[in-house]
Amino acid sequence: MLKKMKLTCTLITALIFVFIFTGTSLSASAKSKSSTAESGFDSHITNNSLAVSPNEDIAVVSDSRESSLLIYDLAKGKVSKKISGFVTPRDIEFVDSGSQFVVSDSTHGTLRFYDSKNLKLKDEVVVGPGAFGLAVSPDEKTLYVNNEAHSTVTVVNLETRKPVEVITGFAQPRQGITVSPDGKHVFVTNFEGDKVSVVESATNTIVNEITGFSSIRGISATIDGTALYAANSSRDAISVVDLSQNKIVSEITVGDEPYGATLSPDNKLLFASNKADNTIDVIDTSNHQIIKTINGFNEPRQAIVFNQAGEQAYVLNRDLSISVVDVKELVVIDTIHNDKTSKYNLQVKKSEQVGKYLADAEGMTLYYFTKDEPGVSNCKGACLEIWPPFHAENIKAPGSFDKKDFGTIVREDGQKQTTYKGYPLYYFVNDKQPGDINGQGVKDVWYVINKKTFKN
């Protein structure tokens, strides 16, 4: 049995994470992360996430390749807001009975808590670069955070919003993590070694390991605590794990590259989403037979959520649209689209310090980097943790700005970034609210876009 970290070590680790996150010394941060991908922390690993509020008012979606979240108004069937300022958003969970939601970002190494009604940032907790999957305990007092970079799980007290312990002994835990319905165990997927670690929540120690998977992805535990289902994307199968024996006892052959393995609320059905063939196989858990294959999706991954009544299931697609499945009929009855044809309205804001300057649609300040070149971003690696790229499609130029001056480049990692007169645009991580201009003049190379002072 592996021993958990002592609190002293936890606090030291947290302080190190705080230093890295704040970027008080950019050069020191860059040295400490020599292995960091130039495009952001572990950005070569792709995942998406979907969370639906308990009252089904809103859905929050993300893709790690996009630097923003989309908020869907489910009643109106359309996007109501876009929240920017991320680099690699990983997972989303509703907390506090749905009054807030939390988002992990593996590059920033933070958990950001937002109010579900006004969608404003309420709190930010540093847990260290590599933060991936999230799982909330049934009593909503504890949040478990996978850290792929450090092969740890951080335990966060949701009442105080503070990390209280770091559990070691994992091997690249990514998105897959879930808490048993009785709250006694936490199941953590390890991408390296293709195994599931079983953590006893009372002691925060690993008490068992389940092996034999192949590119393990999504997992779900049954209500009665007897079984675990896991998607194996490399061998196109769902593993059935007997938790009394902690071993795989059978497998169900499904479609091409299964990523999701999500149980319905009554545990009678399992949805296995197959990324490569754009389908979901519906499995009857009483006999482990596929009763239907639903078509019409676009690269479905782990992001599947049933509503509380179990009558509908929401499935996130590659383009961040949401397919709505009727669980009784097992058909797609609607797809809520991210309407990319709508105009993105940039803003011109004004301050005594800099006069008029450019901001995004939510009023967050945009900056340019004097060390960039037209069409080329020289902000890479640790720099992107402090200055996340900005991107929007179909921009409407504000005020005296000219639409033809705005363009798009494709960064080395494949992400798009909006430019002004060829210069890439960025956010500043220490701007927390619309109207903040804390990045102006940083190191004499970062500036707001002011038509009178911008030189190209």
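Preceding this section is the structure that the text describes.
What comes next is a walk through the structure. Given the structure is predicted, the values throughout are model-derived calculations rather than measurements.

Turning our attention to the overall build of the protein. Of regular secondary structure, the protein possesses three helices and 37 strands. Across the 456 residues in the protein, those meeting the buried criterion constitute 57%. Put simply, 47% of the contacts in the protein that link residues at least 6 apart link residues at least 24 apart.

Across the six residues of strand β19 (residues 237–242), six count as buried, placing the element largely inside the fold. Relative to β19, strand β18 (residues 227–232) runs antiparallel, the two being bridged by six bridges. Residue alanine 227 lies in a different strand from β19, and its bridge partner there is aspartate 242. Once β18 ends, the chain turns through four residues before running back antiparallel as β19, passing aspartate 236 with a positive phi of about 50 degrees.

Moving on: the sheet that holds strand β26 (residues 312–316). Strands sit in the order β25-β26-β27-β28 across an open sheet of four strands; the sheet is antiparallel. The open sheet is flanked by β25 (304–306) and β28 (331–336), the only strands paired with a single partner. Strand-to-strand twist across the sheet, computed as the mean angle between neighbouring axes with direction ignored, equals 25 degrees. Across three bridges, β25 lies against β26 in antiparallel orientation.

Scanning the entire structure with this criterion turns up 20 aromatic pairs. Ring centres 3.8 Å apart and planes at 5 degrees place the aromatic pair tryptophan 387 and tryptophan 446 in the stacked group. Linking tryptophan 387 in the loop between α3 (382–386) and β33 (395–396) with tryptophan 446 in strand β37 (residues 446–448), this pair joins segments that are 59 residues apart in sequence. One aromatic cluster in this structure is built from Tyr368, Phe401, Phe406, Tyr420, Tyr423, Tyr447 and Phe454. Above the plane of the ring of phenylalanine 86 lies arginine 112, whose end atom (NZ or CZ) is 4.9 Å from the centre. Looking at arginine 161, its charged tip hangs above the ring of phenylalanine 113, at a distance of 4.1 Å from the centre.

Tallied over the entire structure, the rule returns 10 salt bridges. Residues aspartate 63 and arginine 65 are paired through a salt bridge, measuring 2.9 Å at the closest nitrogen-oxygen approach. Here aspartate 63 falls in the buried class, since its relative accessible area comes to 1%. Where aspartate 405 meets lysine 404, a salt bridge forms, and the shortest distance between an N and an O atom there is 3.8 Å. Residue classification places lysine 404 among the exposed residues on the basis of a relative accessible area of 66%. In the salt-bridge network here, residues are joined through shared partners; they are Asp63, Arg65 and Arg318.

Such a bond, covalent and formed between the sulfur atoms of two cysteines, is termed a disulfide. Summed over the entire model, instances satisfying the criterion amount to one disulfide. Disulfide pairing places cysteine 379 opposite cysteine 383 at an S-S distance of 2.0 Å. Here cysteine 379 and cysteine 383 share a disulfide; its torsion about the S-S bond, -105 degrees, makes the bridge left-handed. No difference in accessibility class separates cysteine 379 from cysteine 383, as the two residues are buried.

Our focus in this paragraph is unusual backbone geometry. Phi at glutamate 56 is positive, roughly 60 degrees, even though this residue is not glycine. By the secondary structure assignment, glutamate 56 is in the loop between β1 (48–52) and β2 (58–63). Of the residues examined, glutamate 56 reaches a relative accessible area of 26% and is grouped as partly exposed. The backbone of asparagine 278 shows a phi angle near 60 degrees, a positive value even though the residue is not glycine. With respect to the helices and strands, the residue asparagine 278 is situated in the loop between β22 (269–274) and β23 (279–284).

For the rest of this paragraph, the subject is the sheet that holds strand β14 (residues 185–190). On the basis of which strands lie adjacent, the open sheet formed by four strands has the order β13-β14-β15-β16 and antiparallel pairing. Strands with a single pairing partner mark the edges of an open sheet, and in this sheet they are β13 (177–179) and β16 (205–210). Ignoring strand direction, the axes of neighbouring strands in this sheet form an average angle of 20 degrees. As defined by bridge partners, β14 adjoins strand β15 (residues 195–200) across six bridges and the pair is classed as antiparallel. The residue of β15 that forms the bridge with threonine 189 is valine 196.

What follows deals with the side chain of serine 53. Looking at the secondary structure, you find serine 53 in the loop between β1 and β2. You can call serine 53 buried: its relative accessible area is 4%. Engagement of the side chain of serine 53 in a polar contact is seen with the backbone nitrogen of aspartate 57, the distance being 3.1 Å. Residues in contact with serine 53, not counting those within four places in the same chain, are Ile58 and Phe94.

Turning next to the side chain of asparagine 274. Examined against the element boundaries, asparagine 274 turns out to sit in strand β22. Given the relative accessible area of 0%, asparagine 274 is considered buried. Only 3.0 Å separates the side chain of asparagine 274 from the side chain of aspartate 281, close enough to count as a polar contact. Setting aside its immediate chain neighbours within four residues, asparagine 274 contacts Val254, Gly255, Asp256, Glu257, Pro258, Thr279, Ile280, Asp281 and Pro300.

The rules we used
- Residues numbered from 1 in each chain as written.
- Predicted model: local features only at pLDDT ≥ 70, side-chain atom pairs only at ≥ 80, totals over all residues.
- Heavy atoms only, no water.
- Helix = DSSP H or I, 4+ residues; strand = E, 2+ residues; numbered from the N terminus.
- Buried < 20%, exposed > 50% of the residue type's maximum accessible area, 1.4 Å probe, protein only.
- Contact = heavy atoms within 4.5 Å.
- Pairing = 2+ DSSP bridges.
- Axes fitted to C-alpha atoms, helices over the stretch in contact; angles between N-to-C directions.
- Phe/Tyr/Trp six-rings, centres within 6.5 Å; stacked < 30°, edge-to-face > 60°.
- Lys NZ or Arg CZ within 6 Å of the ring centre and 35° of its normal.
- Salt bridge = Lys/Arg side-chain N within 4 Å of Asp/Glu carboxyl O.
- Disulfide = S-S within 2.5 Å.
- Polar contact = N/O pair within 3.5 Å; in protein donor to acceptor, adjacent residues only side chain to side chain.

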